[in-house]
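As a plain string of letters, each chain reads:
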Amino acid sequence: METFLTEPETSEGDRLRVAVAPLVAKAPTELARQEYIALLASGQRMLRTLREHGTVHCSLGLHRDDVGGGGQPLLSLFTITWQDTPAAPRAATAARAVTAPDGHRRVAYLELPCGPATVSETLRPPVTGSPLPRLPLLQVHAHLPHPDCKRLAVLTVSSTAAARRAEYRAVLEGIADTVRFTAPLGAVS
């Protein structure tokens, strides 16, 4: 995420420009090139907004619906966000994370290798006047309190494919099961 948000007049900005150049060069017309550049700038604005809210990782998923959607493409967004929390036992922090008035549903408490966690879902209605498709946004969240009892890692998968809720939830629970709050063996500090 940080690589995509580099300042233009820096060596990192130069590396980003070199990395994006082949994509822009493939545009069939000057107008298409300008549209690509505008889309990239829009993506940068979105990532800056995510970062302002504590997001430290973001991945886009584009895959076929092979469960029953006739192979239609599905788009998803996976984020990892850090949230500061009042100091409390980890189980209490995990429980408190899903009591906010955000409409968390299908709440489950899990004991993972990294400690207690809650998994929940929200379904947000489409935004009126938005240029985006008028589909509800499914968000599946895993709330994982850090051992320091002062912050919470929130893993979220978002998609407009609400019919695939069970599959996205299974994917997120599988990812959450891999989380560790310790450095892997052999990692350099």
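Note: the structure precedes this text.
Residues numbered from 1 in each chain as written. Predicted model: local features only at pLDDT ≥ 70, side-chain atom pairs only at ≥ 80, totals over all residues. Heavy atoms only, no water.

**A look at helix α1 (residues 11-25)**
No. 1: Helix length check: α1 (15 residues) gives 21 Å between terminal C-alpha atoms against 21 Å at 1.5 Å per residue, within 8%.
No. 2: Bending of α1 peaks at approximately 30° at the position of A19, with proline P22 no more than four residues after it. (Helix = DSSP H or I, 4+ residues; strand = E, 2+ residues; numbered from the N terminus. Expected span 1.5 Å × (residues − 1). Bend = angle between axes of the 7 residues up to and from the residue.)

**Things to note about the nonpolar core**
No. 1: Core analysis: the largest hydrophobic core is formed by 18 residues, its most contacted members being L112, V140, A142, L144, L155, Y168 and L172.
No. 2: Counting residues per element, this core draws most heavily on strand β5 (residues 137-145), at four residues.
No. 3: Those residues in contact with L172 that lie beyond four places of it in its chain are F78, V140, H141, A142, L155, T156 and V157. (Core = buried A, V, L, I, M, F, W, Y, C linked by side-chain atoms within 4.5 Å. Buried < 20%, exposed > 50% of the residue type's maximum accessible area, 1.4 Å probe, protein only. Contact = heavy atoms within 4.5 Å.)

**Observations regarding the pattern of salt bridges**
No. 1: In total, this model carries seven salt bridges according to the counting rule given.
No. 2: Salt-bridge contacts for E30 lead to R33; the nearest nitrogen and oxygen are separated by 3.1 Å. You can see E30 and its partner R33 sitting in helix α2 (residues 30-52), three residues apart, about one turn around the helix.
No. 3: Among the salt bridges present, the one from D65 reaches R164, with a minimum N-O distance of 2.9 Å. (Salt bridge = Lys/Arg side-chain N within 4 Å of Asp/Glu carboxyl O.)

**Section: the pairing of strand β4 (residues 115-124)**
No. 1: With respect to burial, β4 is a largely interior element, eight of its ten residues being buried.
No. 2: Of the pairings in the sheet, the one linking strand β3 (residues 105-112) to β4 comprises six bridges and is antiparallel in character. Bridge pairing links Y109 to T118 in β4.
No. 3: Counted between consecutive antiparallel strands, the loop separating β3 from β4 contains two residues.
No. 4: For β4 and β5, the ladder comprises seven bridges, and the chain directions are antiparallel. Bridged to L123 within β5 is L138. (Pairing = 2+ DSSP bridges.)

**Looking at helix α3 (residues 90-97)**
No. 1: The set of residues buried in α3 consists of R90, T93, A94 and A97. Projected onto a plane normal to the axis of α3, the buried residues spread over an arc of 100° and lie on a single side.
No. 2: Looking at the buried residues of α3, the elements they touch are β4, β5 and β6 (151-159). (Arc of directions from axis to C-beta.)

**Here we look at the sheet that holds strand β1 (residues 55-64)**
No. 1: An order of β1-β2-β6-β5-β4-β3 is seen for the six strands of this open sheet, with the pairing classed as antiparallel. The sheet is open, and its two edges are formed by β1 and β3, each paired on a single side. Averaged over all pairs of adjacent strands, the angle between strand axes in this sheet comes to 15°, irrespective of strand direction.
No. 2: Each of β3, β4, β5 and β6 is contacted by α3, which is oriented at about 5° to β4, the strand it contacts most.
No. 3: Lying on the sheet, helix α4 (residues 165-176) is in contact with β1, β2 (73-84), β3, β4, β5 and β6; it crosses β5 at an angle near 20°. (Axes fitted to C-alpha atoms, helices over the stretch in contact; angles between N-to-C directions.)

**A few points about the pairing of β2**
No. 1: The pairing of β1 with β2 spans nine bridges and is antiparallel. Looking at the pairing, R64 lines up with P73 of β2.
No. 2: One ladder, built from nine bridges, connects β2 with β6; its direction is antiparallel. Bridge pairing links F78 to V157 in β6.

**As for the packing of aromatic side chains**
No. 1: The final tally for this structure, using the stated rule, is one aromatic pair.
No. 2: For the pair W82 and F181, a centre-to-centre distance of 6.3 Å together with 50° between the ring planes defines the contact as tilted. In this pair, W82 sits in strand β2 while F181 sits in the segment after α4, placing the two residues 99 residues apart along the sequence.
No. 3: For W82, a relative accessible area of 29% translates into the label partly exposed. (Phe/Tyr/Trp six-rings, centres within 6.5 Å; stacked < 30°, edge-to-face > 60°.)

**What to know about the environment of P147**
No. 1: One can find P147 in the loop between β5 and β6.
No. 2: The class of P147 is partly exposed, set by a relative accessible area of 42%.
No. 3: In this view, P147 contacts R90 and F181; residues no more than four positions away in its chain are not counted.

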